[in-house]
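Geometric and topological summary
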Amino acid sequence: MVPKLVVIVGGSISGLLQGLQLKRKGSQVIILEQDPSKDRHSHESGVQIGPTVVSLLEKYDITGRPAAIPAENISVAWRKRLRIYDTQSPRQMSNWGCLYQILRANFDGLASEAVPNPPEPRATDGKVEYRSGQRVTNLSYNQDKGTVTVQFVDVTTSEPSSITADLVLGADGIHSTVRKLLQAPTRKEYGGYIGWRGTVPESLLSPSTVEYFSNRLNFSLLQSTYFISCLLYFLNQ
């Protein structure tokens, strides 16, 4: 049975994917995201989208905006030795910000650089809201009614509020408030490395460099470190 009212805690990629599916099934969906930013440009980075996300976009996305650039191969370079390994391995390379804005356009009609003319909702879609700057503080379950009440506060005004829903989904990441409130067991361990991210516009590269990195995910191995590089969509394309 499709729930009538759903609250999703966390408005990033996973929360939006869940929200879009429920919207298409006719549920009323409210996303609570504690980040007050509208476009969330600080979160942009290169991402690979797997078969599940690709299939969900094919089923639910109606913007017509490509979400990824296909990469057909994986290549490995060792210092100055180029392509010591090169094999076919198809994958879809995207940009977090582009994917986020495509999902927002589908979910609540947000106009953005990626989707300046978002599609109108379908007649069978449920009503939705994306509430930025809302930090969840408590959850309480009513066993008799089978409902969950979500308490939250506006991060800019400190104004408290609450919503009682048929279903609450936690999609609020590694520092999940929902897991803490439910006392779900978690363990965090240092993975043994530090990752740095960066982007370079194609216009600053030579044609031969662009050709070298095109249509592939590239691993460049150095002493005690390595680079992973690929071509990505940017929001102004």
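This text gives an overview of the structure that appears in the document.

Conventions we followed
- Residues numbered from 1 in each chain as written.
- Predicted model: local features only at pLDDT ≥ 70, side-chain atom pairs only at ≥ 80, totals over all residues.
- Heavy atoms only, no water.
- Pairing = 2+ DSSP bridges.
- Helix = DSSP H or I, 4+ residues; strand = E, 2+ residues; numbered from the N terminus.
- Axes fitted to C-alpha atoms, helices over the stretch in contact; angles between N-to-C directions.
- Contact = heavy atoms within 4.5 Å.
- Parallel < 35°, antiparallel > 145°, perpendicular 65-115°, else oblique.
- Left-handed = near helix turned anticlockwise from the far one by under 90°.
- Core = buried A, V, L, I, M, F, W, Y, C linked by side-chain atoms within 4.5 Å.
- Buried < 20%, exposed > 50% of the residue type's maximum accessible area, 1.4 Å probe, protein only.
- Arc of directions from axis to C-beta.

On to the sheet that holds strand β10 (residues 167-170). Sheet architecture is open: four strands sit in the order β6-β2-β1-β10, paired in parallel fashion. A single partner strand is all that each edge strand has here, and the edge strands are β6 (128-132) and β10. Direction aside, neighbouring strands of the sheet carry axes that sit 15° apart on average. Relative to β10, strand β1 (residues 5-9) is paired through four bridges, and the arrangement is parallel. Among the inter-strand pairings, Val-7 is bridged to a residue of β10, identified as Val-168. Strand contacts of helix α3 (residues 96-108): β2 (28-33) and β6, with the helix running at about 130° to β6, the strand carrying the most contacts.

Right, let's talk about the packing of helix α1 (residues 13-24) against α3 for a bit. Interhelical geometry of α1 versus α3 gives an angle of 25° and a closest axis separation of 10 Å. Taken together, α1 and α3 sit at an angle that is classed as roughly parallel. Helix-helix and strand crossings are classified by hand; for α1 and α3 the assignment is left-handed. Along the contact surface, α1 presents Ile-13, Leu-16, Leu-17, Gly-19, Leu-20, Lys-23 and Arg-24, while α3 presents Trp-96, Leu-99, Tyr-100, Leu-103, Arg-104, Asn-106 and Phe-107.

The next thing to look at is the nonpolar core. The biggest cluster of nonpolar side chains holds 29 residues, and the ones touching the most others in it are Ile-8, Ile-13, Leu-16, Ile-31, Leu-57, Leu-99 and Leu-103. Take this core: its biggest share by element is eight residues, from α3. Val-7, Val-9, Phe-152 and Val-178 belong to the second-largest nonpolar core, a separate cluster that totals 14 residues.

Turning our eyes to something else, we now look at helix α2 (residues 51-60). Looking at α2, one finds that the buried residues are Val-53, Leu-56, Leu-57 and Tyr-60. Within α2, the buried residues cover an arc of 100° as seen down the axis, which keeps them to one side. Opposite the packed face of α2, turned more than 90 degrees from it, sit the exposed residues Pro-51, Glu-58 and Lys-59. On its buried face, α2 is in contact with α1, β3 (46-49) and α3.

The mixed open sheet is built from five strands, whose spatial order is β3-β5-β4-β11-β12. Strands at the two margins of the open sheet, each flanked by one partner only, are β3 and β12 (225-229). Going across the sheet, the axis of each strand differs from the next one's by a mean of 35°, ignoring polarity. Both β3 and strand β5 (residues 81-95) contribute to a ladder of four bridges, which runs antiparallel. The partner of Gly-46 across the bridge, within β5, is Asn-95. Against the sheet, α3 engages β3 and β5, with an angle of about 20° to β5.

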